[in-house]
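Report on the structure
Now for the letters of each chain:
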Amino acid sequence: MANTNNLSDPEIPCISIYRGRKWKNLRRQLLHGSKDGSFNLLRRPDAILRYSNKLEPEVIEALLALPEEQQSFLKKDLKRSVTRAWLDGKSYVLKYFYHLHRWVIFSPDCKAWLGAHRLQDRNACYAWFRRNDNRLAIIIYEDAGDLDLYMPRCLSMPLPTLQYLFAQAGTCIALLHEQQIFHADTKPGNFVFHSQDAKYTLSLIDKDDVRLYSRLAQRYQARNLAQFIGCSQPAHAQAYVPALQAFMRSYCLKRNFSPPQALKLFPEIRRAMQNLYPERETLNSHIYHKLEHFLMQTDHFS
């Protein structure tokens, strides 16, 4: 069981982003390879493989050779699928892209490869395989966890543990906003952790669309918060309100926001929730008003 005694200082990995010339240099290495071997590019007759030196080429080749049906599907739609694959007792996450853009730089697989390295945390992205006929691309990631904050198994945890996890997510989003970073999908399902991790340390995944601004607009801040707050499950509605109170408290503490400052974001959060999750309007309206009341009744966070 994770230590849930200190919700104001949750355990999260350091999050940072490459900027300016450092990002231009890294981006070039990611696309074309580096002289020191940190990133490599291998041209094949039918495909191009880009990979880092954090995983042996033999392991990468073995993972690419695994049929999809022998892997565990985590997500699947017409455009892409995400699987968990096991090799020599270790798990990896593979992301398959089925609809590629003919111009590589505009293709979703390229954005995923670049985004995974630009937004820095503790989770590695090992390789990017892309067929020359534009029919398939595969990206290999370190497995960041077997649980996420949308899973019923997670939402059924004791309330102090759930509050501890949601507080981590609040701090994580606050860290992004402090650095003027917009992550295009901060829903609970993208905050993952290992069930065997004693600290239940969260990781934010799905970095396919990560943007850096000189000043992050309020609508983007509100959208990130709405993506998380509004992705609710009716079966676990009773736990959502206290868990989201911990989420908002942690976000405000990290941003050094007073309750009135946080409340200024709420009309925009409300509109974003309605646009993002119209099918959840009844439950989300209840959650929204509960959180609004929580902030109105709070003098300050400590």
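Everything below is about the structure printed above this text.
Everything in this summary refers to the structure shown in the same document. (Residues numbered from 1 in each chain as written. Predicted model: local features only at pLDDT ≥ 70, side-chain atom pairs only at ≥ 80, totals over all residues. Heavy atoms only, no water.)

Overview of the sheet that holds strand β10 (residues 147-148)
- Spatial ordering of the open sheet is given by β10-β12-β13, a layout of three strands whose pairing is antiparallel. Whereas interior strands pair on both sides, the edge strands pair on one side only; in this sheet they are β10 and β13 (203-204).
- In the sheet, strand β12 (residues 191-193) pairs with β13 via two bridges, with the strands oriented antiparallel. Considered in β13, the bridge of V192 is made with S203.
- Against the sheet, helix α5 (residues 159-178) touches β12 and β13, its axis set at about 125° to β12. (Pairing = 2+ DSSP bridges. Helix = DSSP H or I, 4+ residues; strand = E, 2+ residues; numbered from the N terminus. Contact = heavy atoms within 4.5 Å. Axes fitted to C-alpha atoms, helices over the stretch in contact; angles between N-to-C directions.)

Notes on the pattern of salt bridges
- A complete count under the given rule lists 12 salt bridges for this structure.
- When the shortest N-O distance is used, the salt bridge between R131 and D133 registers 2.4 Å.
- Taking relative accessible area as the criterion, R131 reaches 28% and is therefore assigned partly exposed.
- Assessed through its relative accessible area of 38%, D133 is described here as partly exposed.
- Across the pair R271 and E268 runs a salt bridge, and its minimum N-O distance is 4.0 Å. With a gap of three residues between them, R271 and E268 both fall in helix α8 (residues 259-276), about one helical turn apart.
- Residues participating in the shared-partner salt-bridge network are K95, D206 and D208. (Salt bridge = Lys/Arg side-chain N within 4 Å of Asp/Glu carboxyl O. Buried < 20%, exposed > 50% of the residue type's maximum accessible area, 1.4 Å probe, protein only.)

A short note on the side chain of T186
- Secondary-structure assignment places T186 in the loop between β11 (181-183) and β12.
- On the basis of relative accessible area, T186 is assigned to the buried category, the value being 0%.
- Among the polar contacts made by the side chain of T186, one reaches the main-chain carbonyl oxygen of N224 at a distance of 2.8 Å.
- A polar contact is formed between the side chain of T186 and the side chain of Q227, at a distance of 2.9 Å.
- Among all residues touching T186, those that are not within four sequence positions of it are I173, F191, N224, Q227 and F228. (Polar contact = N/O pair within 3.5 Å; in protein donor to acceptor, adjacent residues only side chain to side chain.)

A look at the sheet that holds strand β6 (residues 90-97)
- Ordered by their spatial adjacency, seven strands build an open sheet running β2-β3-β8-β9-β6-β5-β4, and the pairing between neighbours is antiparallel. Each end of this open sheet is capped by a strand with a single partner; those strands are β2 (39-43) and β4 (72-76). Across the sheet, the mean angle separating the axes of adjacent strands is 15° when strand polarity is ignored.
- As paired elements, strand β5 (residues 80-87) and β6 share eight bridges and run antiparallel to each other. Its bridge partner lying in β6, L87 is registered against K90.
- Relative to the sheet, helix α1 (residues 20-32) contacts β2, β3 (47-52) and β8 (125-131), its axis offset from that of β2 by approximately 30°.
- Packed onto the sheet, helix α2 (residues 57-65) meets β2, β3, β5, β6, β8 and β9 (137-142) and runs at close to 130° relative to β3.

A closer look at unusual backbone geometry
- Positive phi is not limited to glycine here, since Y200 has a value of about 50°.
- Along the polypeptide, Y200 turns up in the loop between β12 and β13.
- Positioned with a positive phi, D206 is a non-glycine residue whose angle comes to about 55°.

Quick word on the environment of S81
- Structurally, S81 can be placed in strand β5.
- C-alpha separation for the pair S81 and G145, spaced 64 residues apart in sequence, amounts to 17 Å.
- Excluding residues that lie within four positions of it along the chain, S81 makes contacts with E68, F73, K75, K76, L94, K95, Y96 and Y98.
- Within polar-contact distance, the side chain of S81 engages the side chain of Y98 at 2.6 Å.

Let's talk about the pairing of β2
- By the bridge criterion, five bridges tie β2 to β3 in an arrangement that is antiparallel. Along β3, the bridge assignment pairs F39 with S52.
- In this structure, the hairpin formed by β2 and β3 is closed by a connection of three residues.

Remarks on the packing of helix α6 (residues 218-229) against α8
- Where α6 contacts α8, the axes come no closer than 8 Å and their chain directions differ by 60°. Compared by their axis directions, α6 and α8 come out oblique. Considering how the two elements wind past one another, α6 and α8 form a crossing that is right-handed. Residues Q218, R219, A222, R223, L225, A226, Q227 and I229 of α6 form the contact with α8, whose own contacting residues are K264, L265, E268, I269, A272, M273 and L276.
- A breakdown of the residues in the contact of α6 with α8 according to their chemical character gives nine nonpolar, two polar and four charged. (Parallel < 35°, antiparallel > 145°, perpendicular 65-115°, else oblique. Left-handed = near helix turned anticlockwise from the far one by under 90°. Nonpolar A, V, L, I, M, F, W, Y, C, P; charged D, E, K, R; others polar.)

The quantities given are spatial measurements derived from coordinates; they are silent on function.
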